Amino acid sequence: MNKTISAFISGIGSEVPATVITNEDLAQLVDTSDEWIRSRTGIQARRQASPELAASDLATIAGQRALETAGINADELGAIIVATSTPDMVFPSTGCVIQKNLQATNAFAYDLSDACSGFLFALSNGSQYVESGMCQHVLVIGVDLMTRITDFQDRNTCVLFGDGAGAVVISGSKETGGVLGTQLGTDGRFGEILQVPAGGSRMPLTEENFSERKQFIHMNGSEVFKLAVRSMEQAALQLLDHTGVSLKDIDWLVPHQANKRIIETLGKRLQIPGERVFMNLQHYGNMSAASIPVALDEAWRKGLILPDQLILMLAFGGGLTWGASLAKWSLPPQS
Ligand SMILES: CC(C)(COP(=O)(O)OP(=O)(O)OC[C@H]1O[C@@H](n2cnc3c(N)ncnc32)[C@H](O)[C@@H]1OP(=O)(O)O)[C@@H](O)C(=O)NCCC(=O)NCCS
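Residues numbered from 1 in each chain as written. Predicted model: local features only at pLDDT ≥ 70, side-chain atom pairs only at ≥ 80, totals over all residues.

A. Highlighting the domain arrangement of the protein. Under the domain assignment used here, the protein contains domain 1 (6-176) and domain 2 (180-328). Measuring from the centre of the C-alpha atoms in domain 1 to the corresponding centre in domain 2 gives 14 Å. Counting residues at the interface gives 43 residues for domain 1, matched by 40 residues for domain 2. Elements supplying a minimum of two residues to the side of domain 1 that touches domain 2: β1 (6-15), β3 (45-48), α5 (118-131), β6 (137-145), α6 (155-158) and β7 (163-173). Partitioning the side of domain 1 that touches domain 2 into residue classes produces 20 nonpolar, 17 polar and 6 charged. (Domains from an automatic or database assignment. Contact = placed C-beta atoms within 7 Å. Helix = DSSP H or I, 4+ residues; strand = E, 2+ residues; numbered from the N terminus. Nonpolar A, V, L, I, M, F, W, Y, C, P; charged D, E, K, R; others polar.)

Shown next as structure tokens:
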């Protein structure tokens with residue numbers, strides 16, 4: 001597609017809480033071991049936000065860092081889009097709280113969910129506001145405090161998740177580049193394999209639901225694993241087909257950081273060698289909507305992702321939801 005305005009990633013930032021939960025810490029809580037967690041998931045540690053912190057607190061810091069790298073002020077933002085499954089509260093939206101914190105007085109703000117794929121859905125929204133000329137700059141944030149909805153009595157899930165926030169600024173430019181295309185998909189028929197059953201209008205929080213621990217993540221891990229690989233592979237191939245880009249031209253695969261084995265299987269199927277696949281899940285676990293922007297930020301700050309490189313982002317999450325996004329990197333290396 002020929003665009004008169006392209007949506008460039010002009011700024012990026014992230015924030016993770018200081019507290020580290022190791023595999024050994026979890027082995028004190030449930031019947032598990034460092035060996036099991038490492039070999040089945042690749043995760044060695046994850047971060048946990050202290051009780052007084054909410055999603056907006058981490059997201060505001062990530063957003064400020066993204067604005068700094070973009071070199072713009074918060075009042076230049078036209079929109080703030082926040083992907084999260086762990087908002088501060090039902091309403092106001094976490095986006096509105098962040099707008100207040102940043103004093104982004106000229107922006108409109110909202111949240112979207114779509115679980116671990118949320119960041120790519122938000123990136124797609126933000127890019128379209130920029131490409132249509134509706135906004136010059138959009139702040140797109142992925143934030144999740146997954147430890148708030150994780151059952152630390154359930155060994156099937158508690159080893160997987162962590163907390164964090166990542167943000168990008170998307171800005172309009174007449175040059176070609178930036179976000180080149182996005183492929184999104186959902187299949188609500190598989191909703192039950194990964195869900196938080198209670199806390200919404202279907203099953204409000206009651207003492208009974210609480211005692212049955214329905215306010216926490218419930219997951220069929222092996223089903224999720226299979227569908228994750230299949231849907232991300234398909235989304236990647238469809239996106240490359242639409243954009244006319246070949247797999248061998250991809251410089252970096254930056255996938256959702258859920259499980260090392262999912263990522264390795266995906267890399268093999270797409271024939272992208274391991275040295276071109278970025279992984280940081282060993283340090284953070286699965287931070288849901290935050291995982292891709294935090295990974296992008298880390299890869300860029302380490303000097304791995306360079307200008308003009310082609311970045312393929314792939315995500316998968318509860319819903320089921322999935323997405324693929326292709327971007328030409330434009331931020332210069334950090335000095
Ligand atoms: C959860 C996951 C790590 C389990 O790995 P797996 O290789 O599928 O596990 P297996 O089927 O080989 O083994 C399951 C067994 O391990 C046990 N097990 C589960 N978690 C365990 C843990 N933390 N420690 C030790 N044993 C554990 C189960 O109880 C089960 O035991 P059983 O066979 O006696 O019933 C894996 O399925 C996975 O990562 N799925 C995707 C999850 C995900 O990414 N969700 C978020 C998507 S956005």
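B. Just the packing of helix α8 (residues 221-243) against helix α9 (residues 260-270), in detail. It is at 10 Å that the axes of α8 and α9 come closest, and there the two elements cross at 35°. Where α8 crosses over α9, the handedness of that crossing is right-handed. Along the contact surface, α8 presents Phe225, Ala228, Val229, Met232, Glu233 and Ala236, while α9 presents Ile262, Thr265, Leu266, Arg269 and Leu270. Here the residues of the contact of α8 with α9 sort into 8 nonpolar, 1 polar and 2 charged. (Axes fitted to C-alpha atoms, helices over the stretch in contact; angles between N-to-C directions. Left-handed = near helix turned anticlockwise from the far one by under 90°.)

C. Structural detail: the sheet that holds strand β11 (residues 252-255). On the basis of which strands lie adjacent, the open sheet formed by 4 strands has the order β8-β13-β12-β11 and mixed pairing. Looking at strand neighbours, the two that pair on one side only are β8 (178-186) and β11, the edges of this open sheet. Here the average twist between neighbouring strands, direction ignored, is 15°. Both β8 and strand β13 (residues 321-328) contribute to a ladder of 8 bridges, which runs antiparallel. Along β13, the bridge assignment pairs threonine 182 with serine 325. Relative to β8, α5 is tilted by about 130°, and along the sheet it contacts β8, β12 (310-317) and β13. (Pairing = 2+ DSSP bridges.)

D. Summary view of the sheet that holds strand β5 (residues 108-112). The sheet built from 5 strands is open, its strands ordered β1-β7-β6-β4-β5 with mixed pairing. Each edge of the open sheet carries a strand with a single partner, namely β1 and β5. Shown here is a sheet whose adjacent strand axes are inclined to one another by a mean of 20°, direction ignored.

E. Up close: the site of the ligand. In the vicinity of the ligand there are 20 residues, among which Thr32, Cys116, Gly221, Phe225 and Ala258 approach most closely. Of all the secondary structure elements, the ones that give two or more residues to the shell around the ligand are α2 (34-41), α6, α8 and β12. Of the residues in the shell around the ligand, the class split is 10 nonpolar, 8 polar and 2 charged. Both domains that furnish three or more residues to the shell around the ligand are identified here as domain 1 (6-176) and domain 2 (180-328). (Near = placed C-beta within 6 Å.)

F. Representation of unusual backbone geometry within the structure. Proline 92 follows phenylalanine 91 through a cis peptide bond whose omega is 5°. Here proline 92 shows up in the loop between β4 (79-83) and α4 (94-102). Omega for the bond connecting glycine 319 with leucine 320 falls within 30 degrees of zero, at -10°, which places this linkage in the cis form. Along the chain, the position of leucine 320 falls in the loop between β12 and β13. Positive phi, close to 55°, is recorded for glutamine 271, a residue that is not glycine. Tracing the backbone shows glutamine 271 in the loop between α9 and α10 (281-284).

G. Molecular detail of α4. Among the residues of α4, Thr94, Gly95, Val97, Ile98, Gln99 and Leu102 are the ones counted as buried. Those residues of α4 hidden inside the fold are in contact with α3 (55-70), β4, β5 and β6. Just downstream of α4 lies glutamine 103, where phi reads positive at about 60°. (Buried ≥ 20, exposed ≤ 12 C-beta atoms within 10 Å, placed from the backbone.)

H. Representation of the nonpolar core in the model. Residues Ala59, Ile80, Val138, Val140, Ile141 and Leu314 are the most contacted members of the largest nonpolar core, which totals 99 residues. Here this core takes 8 residues from α8, the largest share from any one element. With residues near it in sequence (within four places) discarded, isoleucine 141 still touches Ala59, Ala62, Gly63, Val82, Ala83, Ile98, Ala165 and Ala167. (Core = buried A, V, L, I, M, F, W, Y, C linked by C-beta atoms within 7 Å.)

I. Molecular detail of the packing of α3 against α4. It is the contact of α3 with α4, at a shortest axis distance of 9 Å, that shows an interaxial angle of 50°. By the criterion of interaxial angle, the relationship of α3 to α4 is oblique. Crossing geometry of α3 relative to α4 is assigned as right-handed. Judged by residue contacts, Ala55, Ser56, Ala59, Thr60, Gly63 and Gln64 of α3 engage Thr94, Val97, Ile98, Asn101 and Leu102 from α4. In terms of residue class, the contact of α3 with α4 is made up of 5 nonpolar, 6 polar and no charged. (Parallel < 35°, antiparallel > 145°, perpendicular 65-115°, else oblique.)

J. Representation of α5 in the model. For α5, with 14 residues, the first-to-last C-alpha span of 20 Å sits near the 20 Å given by 1.5 Å per residue. For α5, the buried fraction is high: 10 of the 14 residues fall into the buried class. Immediately beyond the C-terminal end of α5, within one or two residues, lies glycine 133, with a positive phi of roughly 85°. (Expected span 1.5 Å × (residues − 1).)

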